[in-house]
Amino acid sequence: MKNILSLSKRNCLLFLRSPQVFFSSLISSIILIALYFLFIANLYSQGFNEAAGLALTAGQLDAAIYLQMIMGVLVINSVSLSTGMFTFMAYDFEEHKTEAFLLTKISSAQITLSYLISALTVSFALNLLTLVVSVIIIGAVTGVWISAGAFFAIFGVLIITTMVGCAIMLLITTAVRSSVAIGVISGILGTILGFLCGTYMPYSNLGEGAIYVGSLLPFTHLVIWLKQIVLGNVFSQFGMPDDISQIMQEKWFSAGNVGLCGADIPLWGMILYSIIFAIICFVVSMFLIKSLYKNRKHQRVRKTKAEQQ
């Protein structure tokens, strides 16, 4: 356990001391927030009161729009931040540092768990900080505060989201093993998830094809789960009837369950699907890494013996 914690601390420090990797991990979220302030927020606000049959104040509507946007940011961050952490795993592959680790008493499982723990720690901590700061800023500006129950519900979902994101990105890193490729994947993936998860704009503007493809991604259902929590909470504060609240969530904010490729599967079933998908990614990653480390360790031993002779 001591070896795992030491390696995990080393990985976290590498990430926090690398401004380039840190910034590139957040670039997708920064772009998303900028786009919302520039024009996407207007897509949600135009005609909302008429469609809902209500008269929400500008502050109330802004609170709903930006809180549900932050839910998408949290999911994208769980992917991009863990990708940034796993960049150092790819660096270690490229620089043959893993072979050096394996010449000590550290096992391949301990090395892998250290990368995973580092990614989980950094991703969750920075995401939690993002959530707290966002709730405070939005509450101070709009006068709308989410309840303590909703906050802790988001906290719990954030733990699951972080675990799913890290497990999937561990598999991608294991397959690619290139720091350059990981950086490219991080940027592209953040943009793709923004569209397919219904974060950039409602599904009604994207078509059925986007819904079908998005339903295959675990992150889509996690975004929906988070949106339902926060929108259900603020809409109830606004006095919006439950039936209208549900319609507005589904039609206006892409917070309605999309099932799986058109199949009507409840949201809890899709969350279970997401967790199982993440477990499979983790198991496959461990198998691939164990085989890879075993081969590299043998190569390093043979190389060392050859140099000694």
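Our subject in this report is the structure included herewith. (Residues numbered from 1 in each chain as written. Predicted model: local features only at pLDDT ≥ 70, side-chain atom pairs only at ≥ 80, totals over all residues. Heavy atoms only, no water.)

Looking now at the packing of helix H10 (residues 218–237) against helix H11 (residues 242–252). One way to put it is that H10 packs onto H11 with a least axis distance of 10 Å and a crossing angle of 140°. By the angle class used here, H10 and H11 are oblique. At the point where H10 passes H11, the crossing takes the right-handed sense. Between H10, through Gln-228, Leu-231, Gly-232 and Phe-235, and H11, the contact on the second element is made entirely by Ser-245, Met-248 and Gln-249. When grouped by side-chain class, the residues that make up the contact of H10 with H11 number three nonpolar, four polar and no charged. (Axes fitted to C-alpha atoms, helices over the stretch in contact; angles between N-to-C directions. Helix = DSSP H or I, 4+ residues; strand = E, 2+ residues; numbered from the N terminus. Parallel < 35°, antiparallel > 145°, perpendicular 65-115°, else oblique. Left-handed = near helix turned anticlockwise from the far one by under 90°. Contact = heavy atoms within 4.5 Å. Nonpolar A, V, L, I, M, F, W, Y, C, P; charged D, E, K, R; others polar.)

With that settled, consider the side chain of Gln-110. Looking at the element boundaries, Gln-110 is found in helix H6 (residues 108–142). Each residue touching Gln-110, except ones within four places of it in the same chain, is listed here: Asn-3, Ile-4 and Lys-105.

Among the nonpolar cores identified, the biggest contains 84 residues, and Tyr-36, Phe-48, Ile-146, Ile-154, Phe-219, Val-234 and Phe-235 are the most heavily contacted of them. Secondary structure elements with two or more residues in this core: helix H1 (2–16), helix H2 (19–45), helix H4 (58–94), H6, helix H7 (148–176), H10, H11 and helix H12 (267–308). The greatest single-element share of this core, amounting to 20 residues, is contributed by H4. Not counting residues up to four positions away in its chain, the partners in contact with Ile-146 are Leu-67, Val-135, Phe-151, Ile-154, Val-230, Asn-233, Val-234 and Gln-237. (Core = buried A, V, L, I, M, F, W, Y, C linked by side-chain atoms within 4.5 Å. Buried < 20%, exposed > 50% of the residue type's maximum accessible area, 1.4 Å probe, protein only.)

Turning next to the packing of aromatic side chains. Scanning the entire structure with this criterion turns up six aromatic pairs. When the ring of Phe-235 is compared with that of Phe-238, the centres are 6.3 Å apart and the planes differ by 55°; the resulting orientation is tilted. Comparing Phe-235 with Phe-238, the two get one shared label, buried. Members of the aromatic cluster, each reached through a chain of ring pairs, are Phe-235, Phe-238 and Phe-253. (Phe/Tyr/Trp six-rings, centres within 6.5 Å; stacked < 30°, edge-to-face > 60°.)

In this model, H10 (20 residues) spans 30 Å end to end at C-alpha, consistent with the 28 Å of a helix rising 1.5 Å per residue. Burial within H10 is extensive, with 15 of its 20 residues counted as buried. Gly-239, located one to two residues past H10, shows a positive phi value of around 80°. (Expected span 1.5 Å × (residues − 1).)

This part takes up the packing of H7 against H10. For the pair H7 and H10, interaxial distance at closest approach is 10 Å and the crossing angle is 170°. When the axes of H7 and H10 are compared, the pair comes out roughly antiparallel. Of the residues in H10, those touching H7 at Ala-150, Ala-153, Ile-154, Val-157, Ile-160, Thr-161, Val-164, Gly-165 and Ile-168 are Pro-218, Phe-219, Leu-222, Trp-225, Leu-226, Ile-229, Val-230 and Asn-233.

In a regular helix each residue adds 1.5 Å, so 37 residues correspond to 54 Å; H4 covers 52 Å between its end C-alpha atoms and thus fits that length. Across the 37 residues of H4, 31 count as buried, placing the element largely inside the fold. Following H4 by one or two positions, His-96 has its phi on the positive side, about 60°.

Below, the discussion takes up the side chain of Ser-245. Considering the arrangement of structural elements, one finds Ser-245 in helix H11. Classification of Ser-245 as buried rests on a relative accessible area of 7%. When residues no more than four places from it in sequence are discounted, the contact partners of Ser-245 are Phe-235 and Met-240.

Now for a nonpolar patch on the surface. On the surface, a nonpolar cluster with roughly 720 Å² of combined accessible area is contributed by Trp-268, Leu-272, Ile-276, Ile-280, Val-284, Phe-287 and Leu-288. On the secondary structure map, Leu-272 appears in helix H12. (Patch = residues over 30% accessible without salt bridge, like charges linked within 9 Å, V, L, I, M, F, W, Y side chains within 5 Å. Areas by Shrake-Rupley, 256 points an atom, 1.4 Å probe, with all protein chains shown as cover. Salt bridge = Lys/Arg side-chain N within 4 Å of Asp/Glu carboxyl O.)

All right, on to the environment of Ser-45 then. With respect to the helices and strands, the residue Ser-45 is situated in helix H2. Looking at Ser-45, the relative accessible area reads 25%, which means it is partly exposed. Sequence separation between Ser-45 and Ile-65 is 20 residues, and the spatial gap between their C-alpha atoms is 7.8 Å. Residues in contact with Ser-45, not counting those within four places in the same chain, are Leu-61 and Ile-65.

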